[in-house]
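Structural description and commentary
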Amino acid sequence: MEFNENQTETVQIAEPQVSVAKPELINGSHALIRSLIEEGVETIFGYPGGAIMPVYDAIYDYQDQVNHILVRHEQGAAHAAEGFARVTGRVGVCMVTSGPGATNLVTGIADAIIDSTPMVCIVGQVAAHLLGTDAFQETDVIGVTIPITKWNYQVTRADEIPEIIAKAFYIAKSGRPGPVLVDITKNAQQELMSKSFTYKKCEKLVSYHPRVSPKQDQVEAAAKLINEAKKPFLFFGHGVQIAGAEQELLRFIEKTDVPAASTLLGLSSVSVDHPNYVGWLGMHGNYGTNVLTNQCDLIIAVGMRFDDRVTGDLSRYAKQAKIVHIEIDPAEIDKIMKADAPVVGDAKKALEQLLPLVKENNHQEWRAEFKKFDAIEDEKITQPELAPTTEKIKMAEVIRTLSDKTKGEAVILADVGQHQMMTARYYQFKKPNSFITSGGLGTMGYALPAAFGVKVGVPDREVVAIIGDGCFQMTIQELGTIAQSGLPVKIIILNNNFLGMVRQWQQLFHQKRYSFVELQNPDFITIAKGFGIDGHTCAERENLHASLDKMLASDKPYLLEVLVEKEENVFPMVPTGACVADIRLE
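Figured I'd write up the structure that's included with this text.

Side note on the pattern of salt bridges
The full count for this structure, using the stated rule, is 22 salt bridges. One salt bridge in this structure joins Asp329 and Arg176, with 3.0 Å as the shortest N-O distance. Placement of Asp329 in the loop between strand E11 (322-327) and strand E12 (341-344) and of Arg176 in the loop between helix H7 (161-173) and strand E6 (179-185) is noted, with a sequence separation of 153 residues between them. Both residues of the pair, Asp329 and Arg176, belong to the buried class. Shared partners join several salt bridges into a network, and the residues in it are Arg176, Asp329, Glu332 and Lys335.

Below, the structure is given as structure tokens:
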């Protein structure tokens, strides 16, 4: 070969090859579960179905980090999540499929919003391209739940999931807590994210600024009214427990020497044996607390919202009193009662700021007024209930005997109705955050699944659900959840073969025209045993102590049915539309 000297030879130098690792991409379902883990979620209450199935497939890979509990009905998932949240202060999580799965959550969501319970509801949805076509099991759950959630959002792309879940948890637990719903389309669950998974907890939102620390001028105005009052009366509600303000409340009560009364959901924030605790307020509350509401000169309302069951006829409610209202939700200020000194903020922070400003005081003479009414109530109602001469067992003696045997330290759940009011009246709560019930919505069927959620949250505490025979049949299927878990939830059915509270109203206000309130009940003990839960029936007073001992001694779930007097009524009682001072003793 001849070489041409005019020919130029090109030499190519190979550049070093740099190996760039491709980012690990995960699908939306795995992104969801990893987001929940980042939020510290350890327990999910749920029920699978077609539109949420990719997420359930992902859960399979994380069973060592997340405990999924299979309920028997989606409503049970919501109530279990509520119970868990109420007793732990953490966000409860439930997960269901689209359509009927989602709509079955609605009762629990509505319950959570009115009782300020933090909950994140994860709902599957049909694929994005099917939205609006009436596809199989498609429901506009966003439209359905807008009125009963703090916030809801429909996710249609996998990339949205981490940010939306972070927002959901922040909104659910900040300010006034409540339920949040995240609706995730099936394609978003299945598709890969376009970038590596990262998670950043949400600490604030541009459009949402809940006030935690009150303004100092509001606190000073409240302190001035408190220091000037001659007959101050403190009402404490669920907001005290939500804020973890029990100790601050005690210090405030003891420094100012004010008498203090509880709303239904505030019960157990102050021990019943504290000298300043004077009882609970409302329709079936104590005699003195209701009558003297219309004689005090100042109401100090802490973490309560002046519910109609507390106020009765507003046109005749506490017209003589000025009002200090401590409340984290500004929408509640002046909504029912005009506040002379509104304090917007967290109950714990507000009480901390108030404590140095209020004077030490002595209201012994004013507090003695409550004792006069207590003596009348004790003679006319309490003692006849606790030492009855009737043949049948009374609800009050069951509750008080249980209270004595558990030293007032169990976590007590009550369903809705007469047994709920009797539990509030006769269980002697000694430990904070020990009474869990459906307050604002009054949801029959709440207690059984909620009790299970409570036991998951505080496995070392005794948990007892007190349920009426009507309520029990609303969510009886959750016996299966309890049995499968093996957790020793204790259940007491107070069986009077009636829808007791409705029957009482029909007797008192509808000429005893009992319209569809009598129940032909099944054999509850046989049903429980069919689920694998042991139990027995107590029909005689002389067997009550032994029956309760047997239930409490069990290290497994246990059902005790107590046959109680059929046409027993709950007193005191403020009839609907009446003034609280017109409370009836009989």
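Still more ground to cover, so stick around.
Overview of the nonpolar core
Note that soluble globular proteins tend to have their nonpolar side chains buried in a common cluster. Among the nonpolar cores identified, the biggest contains 96 residues, and Phe252, Ile299 and Leu402 are the most heavily contacted of them. Counting only domains with at least three residues in this core, you end up with domain 2 (216-369) and domain 3 (389-564). Contact partners of Phe252, with chain neighbours within four places excluded, come to Ile226, Leu234, Val258, Ile300, Leu351, Leu354, Leu355 and Val358.

A look at the layout of surface pockets
Its volume calculated, the second largest pocket comes out at about 530 Å³. Val278, Gly279, Asn286, Asp374 and Gln428 are the residues nearest the centre of the second largest pocket, which is lined by 23 residues in total. Looking at the lining of the second largest pocket, the elements that each hand over two or more residues are strand E9 (277-280), helix H15 (364-386) and helix H17 (418-426). The dominant element in the lining of the second largest pocket, judged by the number of residues it contributes, is H15, at nine residues. When its residues are assigned to classes, the lining of the second largest pocket shows 11 nonpolar, five polar and seven charged. There are two domains that each give the lining of the second largest pocket at least three residues, and those are domain 2 (216-369) and domain 3 (389-564).

Looking at the packing of helix H16 (residues 395-405) against helix H23 (residues 544-553)
Two numbers describe how H16 lies on H23: the axes approach to 10 Å, and their chain directions differ by 50 degrees. On the basis of their axis angle, the class for H16 and H23 is oblique. Here H16 and H23 pass one another in a crossing that is right-handed. Counted together, Glu397, Val398, Thr401, Leu402 and Lys405 of H16 and Leu544, His545, Leu548, Asp549, Met551 and Leu552 of H23 form the full contact between these two elements. When the residues that make up the contact of H16 with H23 are grouped by side-chain class, the tally is six nonpolar, two polar and three charged.

Cut-offs applied
Residues numbered from 1 in each chain as written. Predicted model: local features only at pLDDT ≥ 70, side-chain atom pairs only at ≥ 80, totals over all residues. Heavy atoms only, no water. Salt bridge = Lys/Arg side-chain N within 4 Å of Asp/Glu carboxyl O. Helix = DSSP H or I, 4+ residues; strand = E, 2+ residues; numbered from the N terminus. Buried < 20%, exposed > 50% of the residue type's maximum accessible area, 1.4 Å probe, protein only. Core = buried A, V, L, I, M, F, W, Y, C linked by side-chain atoms within 4.5 Å. Domains from an automatic or database assignment. Contact = heavy atoms within 4.5 Å. 1 Å grid on protein atoms, 1.4 Å probe; cavity = no way out; pocket = protein on both sides within 12 Å on 5 of 7 lines; lining within 4 Å. Points joined across faces, edges and corners; volume = space filled by probe spheres on them. Nonpolar A, V, L, I, M, F, W, Y, C, P; charged D, E, K, R; others polar. Axes fitted to C-alpha atoms, helices over the stretch in contact; angles between N-to-C directions. Parallel < 35°, antiparallel > 145°, perpendicular 65-115°, else oblique. Left-handed = near helix turned anticlockwise from the far one by under 90°.

On their own, these measurements won't tell you what the molecule is for.
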